[in-house]
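Each chain is listed here by its residues.
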Amino acid sequence: MNVSADLDSDTGEESETGSDSGLIVAVDGPSGAGKSSASRGAAIELGLRYLDTGSMYRALTWWLLDRGVEVSDAGAVGALAAAPRIEVGTDPRAPWVRVDGTDITSVIRTREVTDAVSAVAAVPRVRAHLIAQQRDIIAHGGGIVAEGRDIGTVVAPDAPVKVYLTAEGAERASRRAAETHRSPAATEIDQDRRDRLDTAQSGKAADAVEIDSTRLSLDQVIDIIVQLAREYSGVPHPRQQSR
Ligand code: DC
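Within any chain, residue numbers begin from 1 and follow the written order of that chain's sequence. Owing to the predicted nature of the model, reporting of local features is limited to residues with pLDDT of at least 70; listing and counting of side-chain atom pairs is limited to 80 or more, with chain, interface and lining totals taken over all residues. Note that water and hydrogens are dropped before the side-chain values are worked out from all heavy atoms of the structure.

Engineer: Explanation requested: the overall build of the protein chain in the structure shown.
Structural biologist: Secondary structure elements are defined from DSSP: runs of H or I of at least 4 residues count as helices, runs of E of at least 2 residues count as strands, and each element is numbered from the N terminus. Of regular secondary structure, the protein chain possesses ten helices and nine strands. Each of the 243 residues in the protein chain was classed as buried or not, and the buried ones make up 49%. In the protein chain, of all internal contacts separated by at least 6 residues, the share reaching a separation of at least 24 is 77%. A total of about 11000 Å² of accessible surface is found on the protein chain, and carbon and sulfur atoms cover 50% of it. Between buried and exposed lies partly exposed: a residue is buried under 20% and exposed over 50% of the maximum accessible area for its type, with that area taken using a 1.4 Å probe on protein chains only. Contacts are residue-level and defined by heavy atoms, with any inter-residue pair within 4.5 Å sufficient. Accessible surface is estimated by sampling points in the Shrake-Rupley manner with a 1.4 Å probe; for residues, cover comes only from the protein chains shown.

What follows is the structure, encoded as structure tokens:
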């Protein structure tokens, strides 16, 4: 299988819900809602692995662009979906992505890739291939926080802890703009376009807990996710333990 997932041995101390628990936490939501930072933070606190499924769609998109493939040609994209070897690291402290052995962790965040990735992610053969890889990563190696658009609905519908993370559009755009150094207005236009293109692949599971992060700090969002996971695992929250 064209995939591997590594968790470095120095990932950190295991907590009560740690990676040998097999716990799956699914985090879905639109772009800019803060999924990556919240998922990584929760994974670190819970001692779980971390999977950024968006990075896999980005990796394939980078590889296609590098070869001059027209990403609007769904037939060509679908035919090449399984051609590159995509590997991801699942250490939440230092996630990485490689294509055919080349580290592309940074370049998958460029504007070119961001503008093209929705078209690639909409191709059914791409989804079938990457979802199979994602399920394999989730199933092997212990508990995990997996983030994306369809984790709670399609990739891991049996995940016992599901979060749907949202934020108001203007807030999402201003957070993204702070990262990319573009104007919030231009970012919001791009974001609306991507949201529309990603809608068919995105979903909130009926049993997901919705968190609106508009007026929450990152630490508050992480705390809610950690608490949900601990409640499921029957581990009291540290504040409750100390009483
Ligand atoms: O979260 P992100 O911006 O890195 O995602 C990149 C693209 O991949 C975006 O267009 C949505 C898509 N995606 C998807 O279709 N399914 C997922 N599970 C994750 C991301």
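The rest of the description comes next.
Engineer: What exactly am I supposed to notice about the pairing of strand S7 (residues 144-148) here?
Structural biologist: One face of the sheet, then the other: side chains in a regular strand alternate in exactly this way. Most of S7 sits out of view: five of its five residues are buried. Going residue by residue along S7, you find Ile144, Ala146 and Gly148 tucked away on one face and Val145 and Glu147 tucked away on the opposite face as well. Note: strand S2 (residues 24-28) against S7, five bridges, orientation parallel. Bridge pairing in S7 links Ala26 to Ala146. Paired strands, as defined in this entry, are two strands with at least two bridges between them according to DSSP. With four bridges connecting them, strand S3 (residues 49-52) and S7 associate as parallel partners.

Engineer: So what exactly am I meant to see when it comes to the site of the ligand here?
Structural biologist: We define proximity as follows: a residue is near a molecule or strand when any one of its heavy atoms falls within 4 Å of that partner. Among the 15 residues in the neighbourhood of the ligand, the closest are listed as Arg58, Arg127, Arg149, Asp150 and Arg194. Residue Ser118 places a side-chain N or O atom 3.2 Å away from an oxygen atom belonging to the ligand. Polar contact criterion, stated in full: a pair of N or O atoms within 3.5 Å, where within protein one must be able to donate a hydrogen and the other to accept it, and residues adjacent in sequence count only if both atoms are side-chain atoms. One of the side-chain nitrogen or oxygen atoms of Arg194 is found 2.8 Å away from an oxygen atom of the ligand. Surface burial for the ligand is 97%, taken as the share of its 450 Å² of free accessible area covered by protein chains. Contributing elements (two or more residues each) for the shell around the ligand: helix H2 (53-66), helix H4 (111-121) and helix H8 (184-198). Ranked by the residues each element gives to the shell around the ligand, the list is headed by H2, at four residues. Classification convention: Asp, Glu, Lys, Arg as charged; Ala, Val, Leu, Ile, Met, Phe, Trp, Tyr, Cys, Pro as nonpolar; all other residues, Gly among them, as polar. Its residues assigned to classes, the shell around the ligand comprises three nonpolar, five polar and seven charged.

Engineer: I keep staring at the environment of Gln227 and nothing clicks. Help me out?
Structural biologist: One can find Gln227 in helix H9 (residues 218-233). Take Gln227: its relative accessible area is 24%, and that puts it in the partly exposed class. The spatial distance from the C-alpha of Gln227 to the C-alpha of Leu46 is 9.7 Å, given a sequence separation of 181 residues.

Engineer: Honestly, the nonpolar core in this entry has me stumped. Any pointers?
Structural biologist: Burial of nonpolar side chains together is a common tendency in soluble globular proteins. Leu51, Leu64, Val126 and Ile138 are the most contacted members of the largest nonpolar core, which has 37 residues in total. At the level of secondary structure, the elements contributing two or more residues to this core comprise S2, H2, strand S4 (86-89), strand S5 (97-99), H4, helix H5 (124-139), S7 and helix H6 (151-155). Looking at which element gives the most residues to this core, the answer is H2, with seven residues. Counting residues in hydrophobic clusters, the runner-up holds 20 residues, among them Val25, Val27, Ala38 and Ile222. Among buried residues, those of type Ala, Val, Leu, Ile, Met, Phe, Trp, Tyr and Cys that are joined through side-chain atoms within 4.5 Å constitute a nonpolar core.

Engineer: What is the right way to look at the packing of H2 against H4 in this model?
Structural biologist: Helix-helix packing: each pair is described by the crossing angle between the helix axes and the interaxial distance. Each axis is a line fitted through C-alpha atoms, taken for helices only over the stretch in contact, and angles between the N-to-C directions span 0 to 180 degrees. Between H2 and H4, whose axes approach to 9 Å, the crossing angle comes to 105°. Relative to H4, the element H2 lies roughly perpendicular. Residues Tyr57, Arg58, Leu60, Thr61, Trp62, Leu64 and Leu65 of H2 touch H4, and the partners they reach there are Glu112, Val113, Thr114, Ala116, Val117, Val120 and Ala121. Classifying every residue of the contact of H2 with H4 gives ten nonpolar, two polar and two charged. Throughout, the term roughly parallel applies to angles under 35 degrees, roughly antiparallel to angles over 145, roughly perpendicular to angles from 65 to 115, and oblique to all others.

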